[in-house]
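Examination of the molecular architecture
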Amino acid sequence: MVRLLRVACLPALFGARALAEGSAERVAEVCNQESCANVADDSTLLQLKSLQAKESKEDPFGAPTYAQIAQAYAEFVKMPSEELRDIPVLTSPVMLTMGAVELETPWIGGSFMTRGWNGGIPGPTIRVKPGETLELLLKNNLGPGAGYAACNFNNTQLGLFMNPDSICDLNSTNFHVHGLHVSPEGDSDNIFKTVGPGNSTKYTIQIPKNHMGGTHWYHPHHHHATAAQAGGGAHGAIIVDDPPGYLPKFVEDMPEKLAFLSLVNVAKMMRLENWGNSRLDGKVWNQTLWKNSLYKNWNWHPLSLVIEEHGSAIKEGAGLKPYVAVNGQFRPKTTIKEGKWYRFRFVLAAIEQRVEVRVDPNAENQAMCEFQLLAKDGVYLNEAPRPIEEIFLVSGSRADVAIRCVCQPSFMFPWATTRPCESHLTYTAMWQPMGLGDTGIALTVEETTDRMLTLVTESSVAPTPTRDPEIEPFAVRRPCYLADLTKVTVAKENTHSVDLPQLYPMMIKVDGKGYVWGHEQPPALAEIPVGQIQEWHVTGIRFHPLHVHVNPYQITSICNDPYYHIGDWHDTFFPTGTGFATIRFNIDTFTGKMITHCHLLEHEDNGMMGWFKITGEEGTRWAGAKTYDPTCYDEAFPGVVAPKKPVVWR
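Criteria and thresholds
- Residues numbered from 1 in each chain as written.
- Predicted model: local features only at pLDDT ≥ 70, side-chain atom pairs only at ≥ 80, totals over all residues.
- Heavy atoms only, no water.
- Helix = DSSP H or I, 4+ residues; strand = E, 2+ residues; numbered from the N terminus.
- Buried < 20%, exposed > 50% of the residue type's maximum accessible area, 1.4 Å probe, protein only.
- Contact = heavy atoms within 4.5 Å.
- Areas by Shrake-Rupley, 256 points an atom, 1.4 Å probe, with all protein chains shown as cover.
- Pairing = 2+ DSSP bridges.
- Salt bridge = Lys/Arg side-chain N within 4 Å of Asp/Glu carboxyl O.
- Phe/Tyr/Trp six-rings, centres within 6.5 Å; stacked < 30°, edge-to-face > 60°.
- Lys NZ or Arg CZ within 6 Å of the ring centre and 35° of its normal.
- pLDDT = per-residue confidence, 0-100.

Here's the deal with the overall build of the protein chain
When helices and strands are counted, the protein chain shows eight helices and 39 strands. The proportion of buried residues among the 650 residues of the protein chain is 62%. The long-range share in the protein chain, meaning contacts at least 24 apart out of those at least 6 apart in sequence, stands at 79%. Summing over all exposed atoms, the protein chain offers an accessible surface of approximately 24,900 Å²; the carbon and sulfur share of this is 53%.

So this is what it looks like as structure tokens:
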């Protein structure tokens with residue numbers, strides 16, 4: 001069993017029905033018991049206690065009553081936090097097995113069936129080194145399912161959101177290395193490979209010698225099944241190790257913690273499973289997804305199409321919301337030493353939501369914690385660290401953050417400091433599906449706020465523990481594919497407008513032309529030459545996070561965003577305050593199909609994906625890299641550049 005996420009799951013998910021007669025009083029009774037004492041201010045319980053609708057005593061869909069959910073939820077939030085577990089680490093050669101995984105759902109009782117790698121969520125962490133070849137055997141142990149028969153290939157309305165004919169073949173899979181600068185062809189990062197149920201295949205992924213060390217992740221990328229698989233739990237981290245001596249000693253020596261955030265939207269998963277008609281185990285059609293000992297099985301119900309989609313913020317004020325698990329655990333804790341810097345590698349996997357992580361200022365016995373940003377999307381900042389108060393993550397993005405916590409006197413007893421102390425990292429998960437024209441303003445339909453991870457801060461020396469020194473600003477020596485592009489003059493023929501439209505149909509448009517990626521591969525959006533710089537003026541990114549395979553991009557123009565700065569590098573981009581920006585790519589080394597798509601994964605399955613044909617000779621590099629960054633390197637890391645000696649006047 002894998003413990004994953006908490007969901008305040010309510011019958012609003014299953015259509016227009018509510019409390020049985022007398023259930024409102026039962027909720028109040030349940031929530032006045034001792035089991036609710038510690039969660040009296042919890043917004044979900046307040047929602048539960050406020051519901052006053054009516055429901056027939058005989059529920060044909062087998063949903064629990066609000067009172068049952070209130071009881072289960074109240075008991076669940078009192079469960080003690082488990083110590084954050086370490087994810088198993090694999091090195092090449094790697095074997096990954098896709099199979100059915102059963103997730104416990106103790107916040108309502110029961111469990112949920114989904115997909116995962118090697119029996120867990122997340123899957124094992126894969127570590128590679130620059131210049132290494134990642135050899136991987138992928139086995140698909142899923143049942144046969146319904147395949148493409150679940151999609152109507154004659155449907156002409158593909159590209160419309162929530163189209164059942166864009167969700168199918170959920171038990172075929174493949175393997176995508178999200179963020180790695182590697183070839184998209186052959187047995188490398190090729191999303192056109194398909195591994196059917198009961199089959200296996202090999203991948204051979206050559207990591208370039210000059211690949212920057214960083215935090216990345218992997219997931220399936222089989223079209224029409226990406227949301228159900230990657231968003232449903234089939235994901236894991238990939239870490240490219242830094243070469244020895246690459247980082248300053250004080251950063252290199254920081255203890256490291258992986259925090260893989262899985263935000264699984266169970267309501268959406270139930271709909272995707274129904275539309276895809278999949279059989280996870282090959283024996284039972286998986287339309288009955290919930291099971292427990294308190295009440296009958298739950299079946300997905302088509303009348304709930306709208307209100308199940310993002311909880312019932314649209315209708316009743318309480319419903320099935322997505323919640324975050326860290327390394328497959330709900331509200332875990334991790335123990336750190338007071339005053340010591342730790343490097344946290346954060347990864348977010350989700351179908352669609354974005355997440356903001358911050359310190360809860362209202363926790364008792366509060367530790368004071370600092371966040372210093374080191375890298376985003378696997379690329380170090382041009383100058384690190386950068387102090388931040390919140391970590392902003394969208395589906396697919398990563399952040400490497402140095403965190404240091406110290407205990408401080410309480411408000412009630414300012415003369416005394418209690419140790420150990422703790423700090424709660426909380427998150428807010430938001431879904432913003434609609435915008436106001438070209439203003440870049442998006443409306444928030446649903447958000448969930450909850451505790452994510454507790455940092456228990458212990459002191460090894462009392463009463464005044466030592467504190468690590470401040471992190472001195474540093475800049476790493478960069479591989480030439482990441483040479484600074486902000487001052488480069490880009491040829492006119494390499495400048496494009498790229499639009500992710502707010503209105504339907506869902507597609508990527510380049511210079512005004514685009515295609516819905518339906519059941520057949522569309523034509524290339526454009527041909528771009530290897531070894532040259534591309535400049536894209538992108539719009540629509542306030543509503544659709546832009547992800548590009550193979551080559552990371554640098555932000556060269558953006559309006560006052562608190563997290564995305566000019567000069568930062570990304571592969572997944574979702575600004576908080578603007579819908580347009582300018583980005584530049586070094587189209588380095590690799591030819592073939594460079595995929596770009598919205599990383600709201602169901603939008604991708606709906607058709608908001610396209611590809612660029614990289615032309616030219618494989619291995620070609622941009623000749624101007626060393627002009628703009630004389631210290632960049634094309635081969636293995638040659639060592640740190642010696643500082644210039646000061647001029648001595650005689």
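Focus: the pairing of strand β11 (residues 256-264)
Most of β11 sits out of view: eight of its nine residues are buried. Relative to strand β17 (residues 342-350), β11 runs parallel, the two being bridged by eight bridges. Directly across from Glu-256, in β17, lies its bridge partner Arg-343. Examined bridge by bridge, β11 and strand β15 (residues 323-326) share four bridges and lie antiparallel to one another. From the neighbouring strand, Ser-262 faces β15, where its bridge partner is Ala-325.

With respect to the pattern of salt bridges
Here the structure, examined in full by the defined rule, presents 22 salt bridges. Between Asp-187 and Lys-193 there is a salt bridge, with its nearest N and O atoms 3.0 Å apart. Classification of Asp-187 as partly exposed rests on a relative accessible area of 40%. Since its relative accessible area comes to 14%, Lys-193 is described here as buried. Of the charged contacts, one joins Glu-470 and Arg-404 as a salt bridge, the two residues approaching to 2.8 Å between their closest N and O atoms. Here Arg-404 lies in strand β23 (residues 398-407) and Glu-470 lies in the loop between β27 (446-458) and β28 (495-499), a separation of 66 residues in the sequence. Residue class for Glu-470 comes out partly exposed when judged on its relative accessible area of 49%. A network of salt bridges, in which partner residues are shared, links Arg-127, Lys-129, Asp-241, Asp-242, Glu-256, Arg-343, Arg-345 and Asp-400.

Some details on the pairing of β17
Among the nine residues of β17, nine are classified as buried, and the element is accordingly described as predominantly covered. Burial along β17 is two-sided: the residues Tyr-342, Phe-344, Phe-346, Leu-348 and Ala-350 and Arg-343, Arg-345, Val-347 and Ala-349 are all buried. As paired strands, β17 and β23 are joined by six bridges and run antiparallel to one another. Bridge pairing in β23 places Tyr-342 opposite Ile-403.

Topic: the sheet that holds β28
With respect to topology, seven strands assemble into an open sheet ordered β30-β29-β28-β32-β37-β34-β35, the strand pairing being mixed. For this open sheet the edge positions go to β30 (513-515) and β35 (569-570), each flanked by a neighbour on one side alone. Note that β28 and strand β32 (residues 533-539) share five bridges and pair parallel. Residue pairing in the sheet places His-496 in a bridge with Trp-536 of β32.

Observations concerning the packing of aromatic side chains
Enumeration over the complete set of coordinates arrives at 18 aromatic pairs. Taking the centre distance of 6.2 Å and the plane angle of 65 degrees together, the rings of Tyr-553 and Phe-573 count as edge-to-face. With Tyr-553 in strand β34 (residues 553-557) and Phe-573 in strand β36 (residues 572-573), this pair connects stretches of sequence that are 20 residues apart. For the residue pair Tyr-553 and Phe-573, the accessibility class agrees, reading buried in each case. A connected cluster of aromatic rings, assembled from ring pairs, spans Phe-392, Trp-536, Tyr-553, Tyr-563, Tyr-564, Phe-573, Phe-585 and Phe-612. We note Lys-376 situated over the ring of Tyr-563; from NZ or CZ to the ring centre the distance is 4.5 Å. Lying across the ring of Phe-192, Lys-593 places its NZ or CZ 5.4 Å from the centre.

A few points about the confidence of the model for the protein chain
In this model, the protein chain carries a mean pLDDT of 80, and residues with pLDDT of at least 70 account for 74%. Of the regions scoring below 50 in pLDDT, residues 281-319 engages in 123 contacts with residues more than four places distant in sequence or in other chains. Below pLDDT 50 for its whole length, residues 434-444 participates in 27 contacts with residues either more than four positions away or in separate chains.

Concerning the sheet that holds strand β33 (residues 546-548)
The five strands lie next to each other as β31-β39-β38-β33-β36, forming an open sheet whose pairing is mixed. Of all the strands in the sheet, the pair left with one neighbour each is β31 (526-529) and β36. Of the pairings in the sheet, the one linking β33 to β36 comprises two bridges and is antiparallel in character. Looking at β36, one finds that Leu-546 is bridged to Phe-573.

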